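# Topology and contacts: notes
Residues per chain, in single letters:
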Amino acid sequence: MSAPTGSSVDNQTGTAAAVPAGTLLRISGINKEYRSERGKVVHALHDVSLDVRQGEILAIIGASGCGKSTLLRIMAGLDTVTSGRTIWSRQPTPGRDIGYVFQESVLLPWRTVFRNAAIAPETLKIPRQQYEPRVRELLSLVGLTDFADALPRELSGGMRQRTSIVRALAHDPALLLMDEPFGALDQITREKLHDDLLRIWTATGKTIVFVTHSVDEAAYLADRVVVLSPHPGRVRAVHDVPLPRPRNAETKLDPRFAEFQAMLRGEL
Amino acid sequence: MVAAPRAETAGTGRRRSRRLPIVLKPFVALLYVLVIVAVWAGYQEAADVPRFLLASPGEVGGQLVDLARDGTLWTHLGYTVRNIGLGFAIGAVVGALLGVLVSRSQVVDAMIYPFLVVFQAMPKIALAPMFVLWFGLGLTSQLILIVSLSFFPILVGTVTGLRQVNSGYQDLATTIGMKPVAKLFRIDIPAASPSIFAAARVAVVDAMTGAVVAEWISSSQGLGYLLVEANSSYQVPTLMAAIVVIIAVGVAVYQLVTFVETRALSWRDPVPA
C-alpha cells in the first residue's frame, strides 16, 4: 500500500524479444491505483504478474473488488497502469487483434444482429463481401442465423450476448477478452453459451481470457485459472485445470471437476 | 438453440397495437374539428355575435374557397411554408452543430452556454423589429427570426441526447478502433436521435410561429401578411380563414416531423401510447 501514487504513469509496452515462445502476453509487476469519487486512493491491483499463452483459455477468478475487470481492461487498452509493464509477443492494433465481450452486451439498438456483429470489420473498412461469409458462419455457430436481420430489442438476453460474442470475433482477432460475459444470464442459457464458446474455440483456435466469479465456469472452460484476492488485487494462485478436452456433459461428472472446484472455492 | 418465440410475439404484438390507433386517429381528429365547428356555429347563432367580431364557419369556409380559387391562398401559403422549411432547416443545422460542440468541449460549453441561455430568455418576438432595422424588410430578417426561434430546442435536445449516450459505447468504440469522428456519426448521433427528434417537433412549431410573426412585421407576402392585411381592413372572414390555414400548417409540419421520426426511430422499443 505504500507504493507511490499518481503522477508517474508508467504504461510501457515491451517488444517481442522479452517474451518466451508460446506466450502471447506477459503482464509484469502491474500496479493500478485510482482516486475514488471521495478522493481516496484505491489500490486496485498490486504487483500482478502473469502470462497469457498462445491458444489457451485462461480464466481470471476472484471475489468482487479484486480488480479482475480492471486487469482485463488493461489488457484491452481500455485502462492504463500506474506502474508495471504489459509485454506483447506482437503489439496489438486496436480493433484488429483483440475482440472484447462486455458484461452487458452493449449492442447498438438501431442495428440488426448482423450489422451489430459486423461493426468491427466495417470500421476497419474491409469490403462486405470479405467479412460477410465469416460473420454469417459465426452467427450460425451460435444459432443466430434466423435472427441476422432482427433488432436487439427482439432478442432475449442470451441471444444478445451471443451477438456480442460474434461481434468480438467478426474481425478474426487473435485474442478474445471477455468480462463476465455470462454473468447476467440464467443457468440454462449460461451452460449453452459455455458449449458455444468451446465450439468456437475448437473451430478457431483463439486465445481466450475471461473474467468470472463463477467457479464452475472457470473449471469447465479454462486451461488455467488465475485466482485473484481482493484489497488490493493480487495473484493468489495460478492453477492448471486437471480436466481433459473435449469438455462436455461428461466432464461435469468427472470427480476431478468437483475436486478442482472445491479447491478453487477454498482459495476465494 | 435458444427459444425463439419471444421475438415473434413481440413483433406482431407491436404491429397490432400500433395499427389500430393509426386507423382511428383521423376519425378522432375529424370528430374534434366537427365539435369545434358546431360549438362555434351554435354560439354564433345563440349569442347573436356581430359579424364584424366573429365570422360564422360558413363565411370563413366560403372565404377560404374564394382565396383558394383566385390563387391568393396558394401564393401566401407557399411563401410561408417555404420560409418555415428553410428556417427550420437552418435552425436545425445550427442547433445540432452547436449542440455537438457544447457536448464535446467543456470550453465551448462554458463559453457559449450562458450566452445561449440569456439569448433564449430574450423574447425573440420583441427583437423582431431590431432584426428588421439591422437586416432590412425582407427575407433575411424573416429567416433570422425563424432560425433564432427554432435552433434552441434542437441545441438543447442534441446536448441532452449526446450526454445520455451509454458510456459503454465509448469502450466499444475503443476496442474496435473506431475514431472519435466516426463514433460521433455512427454511434453518438443515432443514439441521441430520439432526443433530437423530440426537440425537432417543438422547433418546427416554433419555426412556424417565427415565420408568421416575421411576415406580420416585415413582409408583403405570406400567411402572416394576409393576417395583417385582413385585420387592418376589418375583413374578419379573411382574418379567420388565415388563422385556420395557419393552424392547419402548424398541425401539418408537426405531423410531418412525427412521421419522419416514427420512420427513423422504428428500432426503438415500442412506446405505450
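Thresholds, definitions, all that
- Residues numbered from 1 in each chain as written.
- Chains lettered and ligands numbered in written order.
- Predicted model: local features only at pLDDT ≥ 70, side-chain atom pairs only at ≥ 80, totals over all residues.
- Helix = DSSP H or I, 4+ residues; strand = E, 2+ residues; numbered from the N terminus.
- Rg over C-alpha atoms; globule rule 2.2 N^0.38 Å.
- Buried ≥ 20, exposed ≤ 12 C-beta atoms within 10 Å, placed from the backbone.
- Contact = placed C-beta atoms within 7 Å.
- Pairing = 2+ DSSP bridges.
- Axes fitted to C-alpha atoms, helices over the stretch in contact; angles between N-to-C directions.
- Right-handed = clockwise from strand over helix to strand, strands pointing away.
- Domains from an automatic or database assignment.
- Nonpolar A, V, L, I, M, F, W, Y, C, P; charged D, E, K, R; others polar.

## Topic: the overall build of chain A
- Helix and strand counts for chain A come out as eight helices and ten strands.
- A compact globule built from 268 residues should have a C-alpha radius of gyration of about 18 Å, and chain A, at 19 Å, falls within 12% of that.
- Residues counted as buried form 43% of the 268 residues belonging to chain A.
- Contacts spanning at least 24 positions in sequence make up 74% of the contacts within chain A whose residues lie at least 6 apart.

## Considerations on the overall build of chain B
- For chain B, the count of helices and strands is ten helices and zero strands.
- Shown N-terminal to C-terminal, the secondary structure of chain B runs as helices and strands in the order α-α-α-α-α-α-α-α-α-α.
- Relative to its length of 273 residues, chain B is extended, with a C-alpha radius of gyration of 23 Å against a globular reference of 19 Å.
- Along the longest, intermediate and shortest principal axes, the C-alpha atoms of chain B span 70 × 55 × 30 Å.
- The burial tally for chain B puts 32% of its 273 residues in the buried class.
- Long-range pairs, those at least 24 residues apart, make up 78% of the contacts in chain B between residues at least 6 apart in sequence.

## A word on the sheet that holds strand β6 (residues 98-101) of chain A
Residue and element names in this part refer to chain A.
- Strand order in the open sheet formed by six strands is β6-β7-β8-β4-β9-β10, with mixed pairing between adjacent strands. Two strands in the sheet have a free side with no partner beyond their single neighbour: β6 and β10 (234-240). Across the sheet, the axes of successive neighbouring strands diverge by a mean angle of 15 degrees, strand direction being ignored.
- Across six bridges, strand β9 (residues 224-229) lies against β10 in antiparallel orientation. Each bridged residue has a counterpart across the sheet, and for Val225 the counterpart in β10 is His239.

## Here's the deal with the interface of chain A and chain B
- In this complex, chain A contributes 29 residues to the contact, which on the side of chain B involves 20 residues.
- Ranked by the residues each element gives to the side of chain A that touches chain B, the list is headed by helix α3 (residues 119-123) of chain A, at three residues.

## Describing the pairing of strand β8 (residues 207-212) of chain A
Residue and element names in this part refer to chain A.
- Summarising burial for β8: six of the six residues are buried, a large majority.
- Along β8, one buried face is formed by Thr207, Val209 and Val211 and the opposite face, lined by Ile208, Phe210 and Thr212, is buried too.
- Pairing geometry for strand β4 (residues 57-62) and β8, over five bridges, is parallel. What sits directly across from Ile57, in β8, is Ile208.
- The sheet contact formed by strand β7 (residues 175-179) and β8 spans five bridges and is parallel. In the sheet register, Leu175 faces β8, and the bridge partner there is Thr207.
- After leaving β7, the chain enters helix α6 (residues 187-204) and then returns to the sheet as β8, a path that is right-handed.

## What about the domain arrangement of chain A?
Residue and element names in this part refer to chain A.
- The assigned domain composition of chain A is domain 1 (14-92 + 175-268) and domain 2 (98-173).
- Using only C-alpha atoms to locate each centre, domain 1 and domain 2 end up separated by 23 Å.
- Each partner contributes to the interface: domain 1 provides 19 residues, whereas domain 2 provides 17 residues.
- Counting only elements with at least two residues in the side of domain 1 that touches domain 2, the list comes to β7 and α6.
- Considering each element in turn, the side of domain 1 that touches domain 2 owes the most residues, six residues, to α6.
- In terms of residue class, the side of domain 1 that touches domain 2 is built from 13 nonpolar, two polar and four charged.

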